[in-house]
There are 6 protein chains.
Amino acid sequence: MNNIKLLTGTSHPQLARNIAELLRMDLTPVEWIRFSNDNLFCRIGESIRETDVFIIQTSRPPVNDILMELYLLIDAAKYASAGRITAVLPYYPYVRSDKKDQPRIPVTARLIADQLVAAGAHHVVTMDLHSPQTLGFFRIPADHLYAAPVIVDYFRKRALKNYVIIAPDAGGVARARFYAQRLSLPMAIIDKRRDPKLGREVEITYIIGDIKGKDALIIDDEITTGNTVFQSAEALLKDGAASVSACCIHGVLQGDAISRFKKSKLKELTITDTVPHDKKNLPKNLTTLSIAPLLAEAIRRIHEGESLSAMFI
Amino acid sequence: MNNIKLLTGTSHPQLARNIAELLRMDLTPVEWIRFSNDNLFCRIGESIRETDVFIIQTSRPPVNDILMELYLLIDAAKYASAGRITAVLPYYPYVRSDKKDQPRIPVTARLIADQLVAAGAHHVVTMDLHSPQTLGFFRIPADHLYAAPVIVDYFRKRALKNYVIIAPDAGGVARARFYAQRLSLPMAIIDKRRDPKLGREVEITYIIGDIKGKDALIIDDEITTGNTVFQSAEALLKDGAASVSACCIHGVLQGDAISRFKKSKLKELTITDTVPHDKKNLPKNLTTLSIAPLLAEAIRRIHEGESLSAMFI
Amino acid sequence: MNNIKLLTGTSHPQLARNIAELLRMDLTPVEWIRFSNDNLFCRIGESIRETDVFIIQTSRPPVNDILMELYLLIDAAKYASAGRITAVLPYYPYVRSDKKDQPRIPVTARLIADQLVAAGAHHVVTMDLHSPQTLGFFRIPADHLYAAPVIVDYFRKRALKNYVIIAPDAGGVARARFYAQRLSLPMAIIDKRRDPKLGREVEITYIIGDIKGKDALIIDDEITTGNTVFQSAEALLKDGAASVSACCIHGVLQGDAISRFKKSKLKELTITDTVPHDKKNLPKNLTTLSIAPLLAEAIRRIHEGESLSAMFI
Amino acid sequence: MNNIKLLTGTSHPQLARNIAELLRMDLTPVEWIRFSNDNLFCRIGESIRETDVFIIQTSRPPVNDILMELYLLIDAAKYASAGRITAVLPYYPYVRSDKKDQPRIPVTARLIADQLVAAGAHHVVTMDLHSPQTLGFFRIPADHLYAAPVIVDYFRKRALKNYVIIAPDAGGVARARFYAQRLSLPMAIIDKRRDPKLGREVEITYIIGDIKGKDALIIDDEITTGNTVFQSAEALLKDGAASVSACCIHGVLQGDAISRFKKSKLKELTITDTVPHDKKNLPKNLTTLSIAPLLAEAIRRIHEGESLSAMFI
Amino acid sequence: MNNIKLLTGTSHPQLARNIAELLRMDLTPVEWIRFSNDNLFCRIGESIRETDVFIIQTSRPPVNDILMELYLLIDAAKYASAGRITAVLPYYPYVRSDKKDQPRIPVTARLIADQLVAAGAHHVVTMDLHSPQTLGFFRIPADHLYAAPVIVDYFRKRALKNYVIIAPDAGGVARARFYAQRLSLPMAIIDKRRDPKLGREVEITYIIGDIKGKDALIIDDEITTGNTVFQSAEALLKDGAASVSACCIHGVLQGDAISRFKKSKLKELTITDTVPHDKKNLPKNLTTLSIAPLLAEAIRRIHEGESLSAMFI
Amino acid sequence: MNNIKLLTGTSHPQLARNIAELLRMDLTPVEWIRFSNDNLFCRIGESIRETDVFIIQTSRPPVNDILMELYLLIDAAKYASAGRITAVLPYYPYVRSDKKDQPRIPVTARLIADQLVAAGAHHVVTMDLHSPQTLGFFRIPADHLYAAPVIVDYFRKRALKNYVIIAPDAGGVARARFYAQRLSLPMAIIDKRRDPKLGREVEITYIIGDIKGKDALIIDDEITTGNTVFQSAEALLKDGAASVSACCIHGVLQGDAISRFKKSKLKELTITDTVPHDKKNLPKNLTTLSIAPLLAEAIRRIHEGESLSAMFI
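All values reported here derive from a predicted model rather than from experimental measurement. (Residues numbered from 1 in each chain as written. Chains lettered and ligands numbered in written order. Predicted model: local features only at pLDDT ≥ 70, side-chain atom pairs only at ≥ 80, totals over all residues. Heavy atoms only, no water.)

### Overview of the overall build of chain A
Then comes step 1: Helices and strands together make up the secondary structure of chain A, namely 8 helices and 14 strands.
Then comes step 2: Since a compact globule built from 313 residues should have a radius of gyration of about 20 Å, the 21 Å found for chain A is in line with a globular shape.
Then comes step 3: The C-alpha extent of chain A, read off along each of the three principal axes, is 60 × 45 × 35 Å.
Then comes step 4: Expressed as a percentage of its 313 residues, the buried residues of chain A come to 63%.
Then comes step 5: By sequence separation, contacts in chain A at least 24 residues apart represent 62% of the contacts at least 6 residues apart.
Then comes step 6: In the structure as shown, chain A presents an accessible area of about 11,400 Å², 49% of it carried by carbon and sulfur atoms.
Then comes step 7: Each charge class in chain A was averaged separately, 40 positive and 35 negative side chains, and the resulting centres sit 4 Å apart. (Helix = DSSP H or I, 4+ residues; strand = E, 2+ residues; numbered from the N terminus. Rg over C-alpha atoms; globule rule 2.2 N^0.38 Å. Buried < 20%, exposed > 50% of the residue type's maximum accessible area, 1.4 Å probe, protein only. Contact = heavy atoms within 4.5 Å. Areas by Shrake-Rupley, 256 points an atom, 1.4 Å probe, with all protein chains shown as cover. Lys, Arg positive; Asp, Glu negative; His and termini not counted. Charge placed at Lys NZ, Arg CZ, Asp CG, Glu CD.)

### Let's talk about helix 3 (residues 108-119) of chain A
Then comes step 1: If you check helix 3 of chain A, its first and last C-alpha atoms are 16 Å apart, about what 12 residues at 1.5 Å a residue would give, namely 16 Å.
Then comes step 2: Judged by how many residues are buried, helix 3 of chain A sits mostly within the fold: 10 of 12 residues are covered.
Then comes step 3: Where helix 3 of chain A is concerned, the buried positions are Thr108, Ala109, Arg110, Leu111, Ile112, Ala113, Asp114, Gln115, Leu116 and Ala119 of chain A.
Then comes step 4: Residues of helix 3 of chain A that are buried make contact with helix 2 (63-79), strand 5 (84-89) and strand 6 (123-127) of chain A together with helix 2 (63-79) and helix 3 (108-119) of chain C.
Then comes step 5: The first or second residue beyond helix 3 of chain A is glycine 120 of chain A, which carries a positive phi of 130°. (Expected span 1.5 Å × (residues − 1).)

### Let's talk about the side chain of histidine 144 of chain A
All names here are of chain A.
Then comes step 1: For histidine 144, the location among the structural elements is in strand 7 (residues 142-145).
Then comes step 2: One polar contact links the side chain of histidine 144 to the main-chain amide nitrogen of leucine 129, over a distance of 2.9 Å.
Then comes step 3: Within the local environment of histidine 144, its side chain forms a polar contact with the side chain of tyrosine 146, the two groups lying 3.3 Å apart.
Then comes step 4: Leaving out residues up to four positions away in the same chain, histidine 144 has contacts with Thr126, Met127, Asp128, Leu129, Pro132 and Leu135. (Polar contact = N/O pair within 3.5 Å; in protein donor to acceptor, adjacent residues only side chain to side chain.)

### A closer look at the relation of the copies chain D and chain F
Then comes step 1: Between chain D and chain F, the superposition needs a rotation of 120° and an axial shift of 0.0 Å, giving an RMSD of 0.0 Å. Taken together, the rotation angle and the small translation identify this as a three-fold axis. Looking at the rotation axis and the C-alpha trace of chain D, the residue lying nearest is glycine 83 of chain D, at 7.6 Å. (Least-squares fit on C-alpha atoms with pLDDT ≥ 70 in both.)

### What about the confidence of the model for chain A?
Then comes step 1: Confidence in the prediction of chain A, expressed as mean pLDDT, is 95, and 98% of residues score 70 or more.
Then comes step 2: With a pTM of 0.97, the predicted complex shows an ipTM of 0.95. (pLDDT = per-residue confidence, 0-100.)

### Overview of the environment of aspartate 75 of chain B
Then comes step 1: Tracing the sequence through the fold places aspartate 75 of chain B in helix 2 (residues 63-79).
Then comes step 2: Judged by its relative accessible area of 2%, aspartate 75 of chain B is buried.
Then comes step 3: Here the alpha-carbon distance between aspartate 75 of chain B and alanine 121 of chain B, two residues 46 residues apart in the chain, equals 8.6 Å.
Then comes step 4: Beyond its immediate chain neighbours, meaning those up to four positions away, aspartate 75 of chain B contacts Ala119 of chain B together with Pro106, Val107, Arg110 and Leu111 of chain D.
Then comes step 5: In this structure the side chain of aspartate 75 of chain B is engaged in a polar contact, spanning 3.0 Å, whose partner is the backbone nitrogen of valine 107 of chain D.

### Here's the deal with the sheet that holds strand 4 (residues 52-56) of chain A
All names here are of chain A.
Then comes step 1: Here 5 strands make up an open sheet; going across it, the order is 1-4-5-6-7 and the pairing parallel. The open sheet has two edge strands, strand 1 (4-8) and strand 7, and neither has a second partner. Neighbouring strand axes in the sheet, compared pairwise and without regard to direction, differ in orientation by 20° on average.
Then comes step 2: Summarising the sheet, strand 5 and strand 6 pair through 4 bridges and their orientation is parallel. What sits directly across from threonine 86, in strand 6, is histidine 123.
Then comes step 3: Across the sheet, helix 2 lies against strand 1, strand 4 and strand 5, angled at about 165° from strand 5, the strand it touches most. (Pairing = 2+ DSSP bridges. Axes fitted to C-alpha atoms, helices over the stretch in contact; angles between N-to-C directions.)

### Focus: the state of the cysteines
All names here are of chain B.
Then comes step 1: Counted by the stated rule, this structure contains 0 disulfides over all chains.
Then comes step 2: Free of any disulfide, cysteine 248 has its nearest cysteine sulfur in cysteine 247, 6.6 Å distant.
Then comes step 3: The buried category is assigned to cysteine 248, whose relative accessible area is 0%. (Disulfide = S-S within 2.5 Å.)

### Remarks on the interface of chain A and chain C
Then comes step 1: Counting residues at the interface gives 47 residues for chain A, matched by 47 residues for chain C.
Then comes step 2: Taking both partners together, chain A and chain C bury about 4,100 Å²; carbon and sulfur atoms supply 55% of that area.
Then comes step 3: Here chain A is connected to chain C by 2 salt bridges.
Then comes step 4: Between aspartate 75 of chain C and arginine 110 of chain A there is a salt bridge, and its shortest N-O distance comes to 3.4 Å. (Buried area = accessible area lost by both parts, 1.4 Å probe. Salt bridge = Lys/Arg side-chain N within 4 Å of Asp/Glu carboxyl O.)

### A closer look at the relation of the copies chain A and chain C
Then comes step 1: Between the two copies, chain A and chain C, the superposition gives an RMSD of 0.0 Å; the rotation angle is 180° and the shift along the axis is 0.0 Å. Seen this way, the second copy is the image of the first under a two-fold rotation axis.
Then comes step 2: An overlap of 100% is found between the interface residues of chain A and their copies at the interface of chain C, pointing to a shared contact surface.

Okay, structure coming up:
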């Protein structure tokens, strides 16, 4: 692994260290300063001239600081004559702002794609985007990785029986269907509607498909406050599900989401480590699967010019 | 309506004429030549210097000729010093090639977005994209219109009762849900899977949701050969639906799709006129709703700087 | 004032309102949401199609959120078909990160210039940049305003006698010289050096020029913690100055800067309102000059195509 | 020849195979699908990450499909992280649409140059452009090859005596002159004019230069319908030429051009294989010279960083 | 003529003044300074914000200074917020460097096109390019004017009889043919070749076509030293021409070209005023036709959005 | 040193030769032609395909010809398929036109940065810019070298005592301070002002800081006519300096600067060889320090991917 450099901001030091360890290399030191006027500043600690630079930075609060760190690293690397700059974004920032479904709103996922290119990125690696179309926002080669091999493997080992995969909303049906097919399980869909007779405020939850007496496994791309999942669990149990678990790829889990999970009717929650959490605080029925091996292997293959698709057959 | 010009290629002359008529103006003449070496050529027939040019061109076979016509018109208009060039694409070409869901394939909808900008378009208007994210492929302002006002109005007048809206696949659930909510109808979903025991070739159709004794109305963004819809109709009837109709916004209807529709178990089919058809050949149970008024109004508002979102409240 | 729209983020509502009032118009409403995953979101509240949009956003902590708000507004405005988008940045973010004076650091002021253009800005207005060269980072027309007319007028009215203008460091000599010339006052310079004999930590303050018995007026472009100014005041008094005041254009005043000012040996401090402060907390010997009239006049002239340079003769 | 990949669309499989054979390598497999809605689709069959990709695609009817294939391959290769993408266009599409000699027409050769770059091409190789200036349309390095070494060698071996080179029109004089000089032969020019007395329709052919009793050899860059050449032959014979042959580099030969050639007064016709033809249908007095060795050598030199100009001394 | 500004460098003040007079307006004052280090500098003397700026600058020695003046004016105008910037180049600089006909040479006409755009030009107007393809080098709308209406009119009035139009080389045949057709005159061509037997130095002039006893009128796009024309005149007279005149659109006439013309066998020389000359020094048989009315009319039409092609019917 | 090519224009052949010699390689031959119409032309004499091209060109009169030579070389190299093109500009052209300090003037240093990129440069190396911010004008990696190691070393060896460093104006204080700190010497500043009472023409020179009885060493980035330095010397001597010397990095020395230096009161002048001079004409008290070793080492490190910052610790 010559001529390759691994850099990171402050978003997820543990993930960056894990990847570096798997690649048997050190992280390139970066000094971070926050000036008294709140301006961020970085200094890359060793020459990266003509090297193959990978910058690992995941989205987590404070999102805009994390994003600025990424831009600063790219800018510094570009003008320090880096050979190639690849931004590795396990959890892509503003990933759900991917369409203009109301007038006069930003499409922030596209804005960020443009700004990464404007800053000087040559290549992007990301994981489990909310919509696969988002990859088309980039005008540079972008590799879209999936945690699916890790997740499918985990659930296959548990040999789920009597289970039904649940799509928590219309937008998530394609993802749920993918897992349902891989795990050879049936699928049901949650459809929430505002009742026109009862006014805009009252939302009624319909379940489309058969869940009676079955163990429900909600599949979603991310869990933030957990509201969607916790409410879905109650509705599913009310409609006759035997139990409800959930697997959400990006475990954002903001605010008091973890303590609310402990109190919720969710039997189990499975996430990956694309977003950092203090492992001490996590309850036992919250399983974190690591995507560090996937990212390390992807970085190795990109650096050495090997096929990435071979990882996902 | 001063200083505005309406141009069109050969893709859908009737639609262009209808729009021009609604705007009480003439189409700017364009001469089209196909040279003996198969090269296309156009000549815009009057000065368009500093005018607000709208080029109406919809996708239909031969798609690549139609697309080249559009590029030629934009190139000719740009270098003839047009003030602003808006490409109006009622049915966007290659609209379903919007994501890289296999290795080493093109994302043609994005490629075309880039090439429209490279050719010189300043603005784009399109309708009912397969995925709303596709709009984010453009680096110029793009207006995404919906045939929904026309379609919802049509079905509301028919006061559907005992109906259920059908999403023909996972990708279409969000659109089906939109119409189900507007028409206050329940929804069901068709899920086709390859049976791993029976081999890759055998696909089994599951219906998620309750359709027994109901009149099923399949909602989809386009109908090409009709295979999906005709097979879905059979599966729905077999599972107990009272009748099956379909509404597909873009009526591409290629090959012998129309004659196969006549023989199919579909009770009715509703499309719009984003793709041209010879009206003589259309059976009575195929209804074509016109989106010309929508497009004419959008063009007028864009030219005069009025809000478009006001059309879709 | 037809066809002009004034938008603002959350950075300095009072300044935006003052400008709007001076232009006798209302601010265009913008709805701001911070999602539970810390993602920002905005919705422009009325049609801005083909209008002349001015977005007023000044830099203040949290700087990266404020910057993201600006990018979101520009993105939303661009794709909402705004006619022209002018970013008005009274205090430019990261203004001192304007040169690569160490290896492998970002030049953030240039990065932001590029990202404003990438987001869709057509024009920029800013004030009293740390270096005038920074304007050259823009690839779009940019107007550089100066608070000088307001400040010079203020000090001329006070008829300063026995005063000497102080440049607080080598980089500030050109600005100090400008004010010294306008106010017909002599100048002195503070030169801080690390003593090689005493080690890197010990910095000795030299004063170049004659200040004995004079009232010193430090001129600087910004005051953040106030450290530079407060220490300079002590050094000047120690070297024989009769009194020390300061005028810093951008009054960033972070942390406990204001309470430390109260305890400092500085007689008076003059700033402008490019950065917001709660007026209740400001001591009497801190004077805030308003640049709202300057900005309002600049916006009016840009919109109406009048000369800006005429404002600074 | 490591790390190099040869791809092709459906335009001229034999030429691509010949080049691959000369380079002792295999073509990278590409799967082509035409969907029922006439949309083209391709899938590159093996990893091309970081390789040196050459895409061989020549213009022939249906030109716009062939062009779209090229764009799709470039798009697929770019986002599959190809190291470098070189488009090899033996017969450049729309090569005669290279100037705006009427108002409001496209300059399609330039449009295509821009769209190749927009799609992601880094380098272009083409042959015997109609005008050498067309190379200047590219904003990427482009190599312009000439079939001249092959053609001059062929005619030198035939030791032409009593011959005169004929330029078939004013635009072709420079090319004719080049061959006349290389073959040490005199030159004459055909000048067709509309007779103002006889009306626009009647065109009179003048021959400038001495052809009486000589064997005329028309040199042109392409032959499509053959009209120009066949009519020129009659005019030359009528004016006293002993015989008339022709050499046209790009043998497009559309429609019934070959059968009309058989009936024409042309003694011999020489073309190259930049455009495909079924060899069975070609008459004996039509000679096809192969440019595959030239292209193979050019590709090898580009890949290995050797001089191309050395091929044309 | 509101909101339009006419600027010029030092290349051809008389032409700029003539155009301004025809448009009944004043030239915008520009102050030019050449610093002691040979750096050029300009200051536009009045506000041009949001105006329609036309910069008239023709190529003449010192060419690179003239070109730099043009770039400086465009840069100054862009960042002074000009509404639109049109570069008017009656004689385009480096116009004959339009193709790469040797390895490793620049295509300077293309380079300049790119640099005009990089500097900020939105539109270009030029006249009688050496090759019409050169217009395709621009990525902005460009209008190509022809002096033909003025020249044809001049010769038609003189009712030429017994004349033959001469193309001085292969590259000039298309232009000569255009004038021959418009003036209803025959054409002949001069073909100079190096004799392989006599060595590279010896060039023999062949005349293709019939000139015996006729008055020859050489047509060329430019005359610089006059060598080509003077030698052609001798060859034509030697071969039996009754007299030889010449019409060269761009009268560059460098060095002692004018005094050599006086001594040459050329009967008459006709040029236009795209390049400046001191009228006192011009002999009587040198006629200068003015293209100022053409340029003034073109500027007026561009500013007012009228058709330019109407000028050349 | 494989695969690297060194090219140069006519600006400073000796410097280019010195660098080539230090790198133990030959300069790539370039043929230069100036046509009779004053157009420049170049031909690179050997294949540079896929090589690492460094073009050494310094600014000196005639500046615009020198600049055009650089653009021509970059254009020729780009389209000759050079692997990477680095423009090495020891004295950057128009380096003092780096800010818009008056309305409607160009910022030529930025314009040139853009045009170098538009021409095809991938990388820039320059030395001792007037303002360090100017580096931010580039959108490509740029290395800013300093002659400081050479100059500081030279003065340290001379063990200056009783010296004071002089900044000749406000803009030069930061540079003077850098050298003062490195040489452990005090500093003074020259402040010239126009006296409002005496009218704009009369400028009075103030000296800020203590120089009485000291040997003054003026530090400046360039000396052109020498006016500033010669007048400063007189003022310093008048105010009591024991002697005055100067060190100006870029020795432009135009017109009769050298003969005026001989007559001036300046004791010594030290420059570098970034600008060429005939060594015969230089007086003994003018010392030229060579920066060729610095540039050669920088080129070697850039080519081999080694750190440049290590050169300036």
